[in-house]
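Chain residues, written in single-letter form:
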Amino acid sequence: MQHELLFKNRFKTGLDIAKYTAAIMRKDMAEYDADNTKYTQSLGCWHGFVAQQKMIAVKKHRGSTDKSYLYLSGWMVAALRSEFGPLPDQSMHEKTSVPKLIEEIYTFLRQADAVELNDLFRRLDAGEDVQDQIDNFETHVVPIIADIDAGFGNEEATYLLAKKMIEAGACALQIENQVSDAKQCGHQDGKVTVPHEDFIAKLNALRYAFLELGVEEGVIVARTDSEGAGLTQKLPVSQEEGDLASQYMDFVEAEEVSIDNVNENDVLFKRDGKLVRPVRLSNGLYKFKEGSNIDRVVLDCITSLENGADLLWIETPTPNVKQIAHMVNRVREKVPNAKLVYNNSP
């Protein structure tokens, strides 16, 4: 009986789950590096029962949950889990919705383990030779990739929410480079991105949360929305020519002006030896150059991988493998082992 109880209570806390599943993801990432046919698949879910039934079905029909994950989309949480009712994917749902869903899912997955193990121990007590099945039992507990949107605030807010998600069991957090309080669904127009320095601060916030909680192998998925984003909220300050801020500024649309034809309090800067004024909308947002989106995506990806991200997510309007391959191949010119998490939703 003691052995049975210990077996059924393998995971005592959400952090036990986060550490266990993070190790699984790291193993799977290494196997993919060695053989890219060994990819993983993540199934979207919005309720613990849905997650449970999906993993039971996967285990039944494939014989294993190996390389099968769960994905918690901010879109699904906003639409189906908010106390405000169905909401658009604009980070208007409660911050705590995702941590609560993570905890709920792992409760249901551990329940699936308990049911299957109870049956095995019952059969063992009845004299059946199932000891090998018990000794080699495979848990329904699998990695969750959890969407933290744009962090629900600044880097400190991102850090605090990340800790809650990790404590609930998440081993992988996905964060995007949109402005948090102006976030749009990835498939919509009007998206506004932040400078790289701001996004790096949030990547660091996620890593600090993992490290503080002892989940050293925690995984960060850096999502870029630049493919469909034509606006930025602020202009970063360049310290020297060619730095990240300078590269970001090069993408901003600007018009050449003379000092005699500018307005009071206009924002001006020098580009290629000329005085220019960035194109600014009435709401204060700045426009990027037309056709700069793919170059921005590539720079975003390289910068994220060089600053603590483990996996990439490139948001596109519709699934397009050829388009994605073109961008990822450009990234791999700089980071050969870059790996992509691809959203196969319409």
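Up top is the structure these notes are about.
Given the structure is predicted, the values throughout are model-derived calculations rather than measurements. (Residues numbered from 1 in each chain as written. Predicted model: local features only at pLDDT ≥ 70, side-chain atom pairs only at ≥ 80, totals over all residues. Heavy atoms only, no water.)

(A) Layout of the packing of helix α2 (residues 14-34) against helix α7 (residues 155-168). Two numbers describe how α2 lies on α7: the axes approach to 6 Å, and their chain directions differ by 85°. Classified by the interaxial angle, the pair formed by α2 and α7 is roughly perpendicular. Residue-level inspection shows G14, L15 and A18 of α2 in contact with α7, the latter providing I166, E167 and A168. Residues belonging to the contact of α2 with α7 are distributed by class as follows: 4 nonpolar, 1 polar and 1 charged. (Axes fitted to C-alpha atoms, helices over the stretch in contact; angles between N-to-C directions. Helix = DSSP H or I, 4+ residues; strand = E, 2+ residues; numbered from the N terminus. Parallel < 35°, antiparallel > 145°, perpendicular 65-115°, else oblique. Contact = heavy atoms within 4.5 Å. Nonpolar A, V, L, I, M, F, W, Y, C, P; charged D, E, K, R; others polar.)

(B) A look at the nonpolar core. In terms of nonpolar packing, the biggest core is built from 61 residues, with L70, I102, I105, M165 and L173 touching the most fellow members. Discounting chain neighbours no more than four positions away, the residues touching L70 are S42, L43, C45, A51, M55, I105, L109, V142, P143, I144 and I145. (Core = buried A, V, L, I, M, F, W, Y, C linked by side-chain atoms within 4.5 Å. Buried < 20%, exposed > 50% of the residue type's maximum accessible area, 1.4 Å probe, protein only.)

(C) Structural detail: the packing of aromatic side chains. Following the criterion strictly, the structure yields 3 aromatic pairs and no others. Residues F11 and Y20 carry aromatic rings whose centres are separated by 5.0 Å and whose planes lie at 55° to one another, so their mutual orientation is tilted. Among the residues examined, F11 registers a relative accessible area of 8% and is labelled buried. Between Y248 and F288 the ring centres are 5.5 Å apart and the planes differ by 85°, which places this aromatic pair in the edge-to-face class. You can see Y248 sitting in helix α9 (residues 244-250) and its partner F288 sitting in the loop between β11 (286-287) and α10 (293-305), a full 40 residues away along the chain. Its relative accessible area of 2% is what places F288 among the buried residues. Residue placement shows K59 over the ring face of F137; its charged tip is 4.1 Å from the ring centre. The side chain of R296 reaches across the aromatic face of F288, ending 4.0 Å from its centre. (Phe/Tyr/Trp six-rings, centres within 6.5 Å; stacked < 30°, edge-to-face > 60°. Lys NZ or Arg CZ within 6 Å of the ring centre and 35° of its normal.)

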